[in-house]
Amino acid sequence: MKSLIVKKFGGASVGSIRKIESIAQRLSEDRKRGEQPLVVLSAMSGYTDSLIQMAHKVHPHFQGEAYDMLVSSGEQISISLLSLALEKRGLKNKPLLAHQAGIQTSALFSKAHIESIQIEKVKALLKKKVMPLIAGFQGVTKQNEITTLGRGGSDLTAVALSSALKVKTCEIYTDVPGVFTADPRLVPKAKKQKSLSFSEMMEMSYLGSKVLQIRSVEMALKYDVKLHVRHAFKKEEGTWIINKKEGGMEGSVVSAIAHDLNTLVIKFNKTPSGVNFLSDLFTELGKEAVFVDIISQSAIGAPSRLSFSIPKTDLKKSLSVLKKLKVEKNISVINKVAKISVIGVGMASHSGVAGRFFSVIKKTKARLYLVTTSEIKISTVIDEKSLKKTARALHKEFNLY
Ligand code: ASP
Ligand code: MG
């Protein structure tokens, strides 16, 4: 199967009937050029969100079989519609739900892990020159229960199928031309990247970029599948996510800037001292599945200080934990903040990056709440008002134009 290519189309690229028709047209042209596409689809844009909202209206915190059965249904609609559009063009195809395609997962509802794929059925279709159209995001347990793979999970479906079929490239089609040096809505001069390393892309997904689901990038690295992120309605090349040591743009230390508005800071005005409290606090937050991001704690001198950041969406759960621990009166919630990060594999081998980063913060007078670093990133939580100017100034400082 020389020309076999896995092509995943995201929600925005199948967001209307007109767009589905365009995808069908593109696929029939691919076919004429000798390619043999295997297609993975997301739900039409906004569809999964509205299914989730309906579920929440009926039963706010429920997660389990019924929830996954509901939220996975958007993909059933998009593959069926694309199938009709391909039929109309005389292209042999077969829409498959995850259970029909043999995508078996763990029973961890809403964040299931793919355990195996019985790839024979898909291979048999390809052999007969029938184009498989596979519903992304879904799986099925050994007991035949429907599961889902976490938000953005159709990327994972596409990478898992690429690895099961041993194809080396997986194309991810979206409504932007590729991965940018920063979000163009924030930094209008942001540029499309030619390529990024897997670790840079993982940091970007983790730090707020919505382009690729982080687990799909991890899997692509593990199974050596190159990802090509590109525009669904343009022919030009997009951004390649590949295995490489050097940074995104030649000679640059920093490859990209990421930001995330879904963050807030919980600051203790008075912290109960001792490590016991920290252990209780973070254990209880963990039990409630609160995603604690950056923690800053200093025990030097009295009183000790503690702040940490969480997604805005986890505030309610966090407040009930703080109440349970009887510390809800000791804290302030700082709401109008944003996380801004610089990322680059080049940072690991260059010094002075932190100095340049904080000089920018000094110049933009951003208010700084939390800082964390790794070998290839510096990440800070600052006041939301300063986000735009700080992003632009960092973009300039690190020569990303
Ligand atoms: N439709 C699912 C979601 O919105 C999966 C995906 O789009 O990849 O999260
Ligand atoms: Mg997506």
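Above this text you will find the structure in question.
Residues numbered from 1 in each chain as written. Chains lettered and ligands numbered in written order. Predicted model: local features only at pLDDT ≥ 70, side-chain atom pairs only at ≥ 80, totals over all residues. Heavy atoms only, no water.

Novice: Please provide a residue-by-residue account of the overall build of the chain, values included.
Specialist: Regarding its fold elements, the chain presents twelve helices and 20 strands. Since a compact globule built from 401 residues should have a radius of gyration of about 21 Å, the 23 Å found for the chain is in line with a globular shape. Each principal axis of the C-alpha atoms in the chain carries an extent, and together these give about 75 × 50 × 35 Å. Expressed as a percentage of contacts within the chain between residues at least 6 apart in sequence, the contacts between residues at least 24 apart total 75%. Positive and negative side-chain charges in the chain, numbering 62 and 35 respectively, have mean positions lying 4 Å apart. (Helix = DSSP H or I, 4+ residues; strand = E, 2+ residues; numbered from the N terminus. Rg over C-alpha atoms; globule rule 2.2 N^0.38 Å. Contact = heavy atoms within 4.5 Å. Lys, Arg positive; Asp, Glu negative; His and termini not counted. Charge placed at Lys NZ, Arg CZ, Asp CG, Glu CD.)

Novice: Can you break down the nonpolar core residue by residue, with the values?
Specialist: Membership of the largest hydrophobic core comes to 45 residues, with the highest contact counts inside it found for Leu38 and Ile241. Per-element tally for this core: the top contributor is helix H6 (residues 154-164), with five residues. Every residue in contact with Leu38, bar those within four places of it in the chain, is listed here: Leu4, Ile5, Val6, Lys7, Val122, Leu126, Pro132, Ile134, Leu161 and Leu165. (Core = buried A, V, L, I, M, F, W, Y, C linked by side-chain atoms within 4.5 Å. Buried < 20%, exposed > 50% of the residue type's maximum accessible area, 1.4 Å probe, protein only.)

Novice: Residues and numbers for the site of ligand 1, please.
Specialist: Neighbouring residues of ligand 1: Ser42, Ala43, Thr48, Glu75, Phe137, Arg151, Gly152, Gly153 and Ser154. Here an oxygen atom of ligand 1 and a side-chain polar atom of Ser42 are 3.3 Å apart. Contact distances for ligand 1 include 2.9 Å between an oxygen atom and a backbone N or O atom of Gly152. For ligand 1, the accessible surface in isolation is 260 Å², of which the surrounding protein chains cover 87%. Residue classes in the shell around ligand 1 are distributed as two nonpolar, five polar and two charged. (Near = heavy atom within 4 Å. Polar contact = N/O pair within 3.5 Å; in protein donor to acceptor, adjacent residues only side chain to side chain. Areas by Shrake-Rupley, 256 points an atom, 1.4 Å probe, with all protein chains shown as cover. Nonpolar A, V, L, I, M, F, W, Y, C, P; charged D, E, K, R; others polar.)

Novice: Could you give me a rundown of a positive patch on the surface, with the residues and numbers involved?
Specialist: On the surface, a cluster of positive charge is contributed by Lys92, Lys94, Lys121 and Lys128. Along the polypeptide, Lys92 turns up in the loop between helix H4 (73-88) and strand S3 (93-96). (Patch = residues over 30% accessible without salt bridge, like charges linked within 9 Å, V, L, I, M, F, W, Y side chains within 5 Å. Salt bridge = Lys/Arg side-chain N within 4 Å of Asp/Glu carboxyl O.)

Novice: Kindly report on the packing of helix H9 (residues 275-287) against helix H10 (residues 315-324), identifying the contributing residues and their values.
Specialist: Between H9 and H10, the shortest axis-to-axis distance is 10 Å and the interhelical angle comes to 140 degrees. By the angle between their axes, H9 is oblique relative to H10. H9 and H10 meet at a crossing whose hand is right-handed. Here Leu281, Glu284 and Leu285 of H9 come into contact with H10, specifically with Ser318, Val321, Leu322 and Lys324. For the contact of H9 with H10, the residue count by class is four nonpolar, one polar and two charged. (Axes fitted to C-alpha atoms, helices over the stretch in contact; angles between N-to-C directions. Parallel < 35°, antiparallel > 145°, perpendicular 65-115°, else oblique. Left-handed = near helix turned anticlockwise from the far one by under 90°.)

Novice: With reference to specific residues and values, describe the layout of surface pockets.
Specialist: The calculated volume of the second largest pocket comes to roughly 290 Å³. Sorting the residues of the lining of the second largest pocket by element identifies strand S5 (114-117), H6 and helix H8 (214-222) as the ones contributing at least two each. When its residues are assigned to classes, the lining of the second largest pocket shows seven nonpolar, three polar and four charged. (1 Å grid on protein atoms, 1.4 Å probe; cavity = no way out; pocket = protein on both sides within 12 Å on 5 of 7 lines; lining within 4 Å. Points joined across faces, edges and corners; volume = space filled by probe spheres on them.)

Novice: Got a sec to walk through the sheet that holds strand S17 (residues 331-334)? Specific residues and values, please.
Specialist: Strand order in the open sheet formed by four strands is S15-S16-S14-S17, and the pairing between neighbours is antiparallel. Looking at which strands have only one partner, the edges of the open sheet turn out to be strand S15 (295-298) and S17. Within this sheet the neighbouring strands show an average axis-to-axis angle of 15 degrees, counted without direction. Note: S15 against strand S16 (residues 305-310), four bridges, orientation antiparallel. Residue pairing for S16: Ser296 is matched across the bridge by Ser307. Taken strand by strand, H9 contacts strand S14 (264-268), S15 and S16, and its axis lies near 10 degrees from that of S16. Running over the sheet, H10 touches S14, S16 and S17 and is turned about 15 degrees from S14. (Pairing = 2+ DSSP bridges.)

Novice: How would you sum up the side chain of Gln138? Please name residues and give values.
Specialist: Following the sequence through the fold, Gln138 ends up in strand S7 (residues 138-140). In this structure Gln138 comes out as buried when scored by relative accessible area, which is 5%. Within the structure, Gln138 has its side chain in polar contact with the backbone nitrogen of Ala98 (distance 3.0 Å). Sequence-distant contacts of Gln138, that is, excluding residues within four places in its chain, are made with Ser72, Glu75, Gln76, Leu97, Ala98, Ile103, Thr147, Thr148 and Leu149.

Novice: I'd like a rundown of the sheet that holds strand S18 (residues 337-343), residues and numbers included.
Specialist: Read across the sheet, four strands follow the order S13-S18-S20-S19 without closing on themselves; strand pairing throughout is antiparallel. Edge strands, defined here as strands with exactly one partner in the open sheet, are strand S13 (256-260) and strand S19 (368-374). Direction aside, the axes of adjacent strands within the sheet are offset by 15 degrees on average. Note that S13 and S18 share five bridges and pair antiparallel. By the bridge assignment, Ala256 is partnered in S18 with Ile343. Each of S18, S19 and strand S20 (377-383) touches helix H11 (residues 353-364); the most contacted strand, S20, lies at about 15 degrees to it.

Novice: How would you explain unusual backbone geometry if you had to name every residue and give the values?
Specialist: One non-glycine residue, Phe137, lies in the positive phi region at around 75 degrees. With respect to the secondary-structure elements, Phe137 resides in the loop between strand S6 (131-135) and S7. A residue is classified by how much of its surface remains accessible, and Phe137, at 5% relative accessible area, is buried. The phi angle at Ala289 is positive, at roughly 60 degrees, despite the residue not being glycine. With respect to the secondary-structure elements, Ala289 resides in the loop between H9 and S15. By relative accessible area, Ala289 is classed as exposed at 52%.

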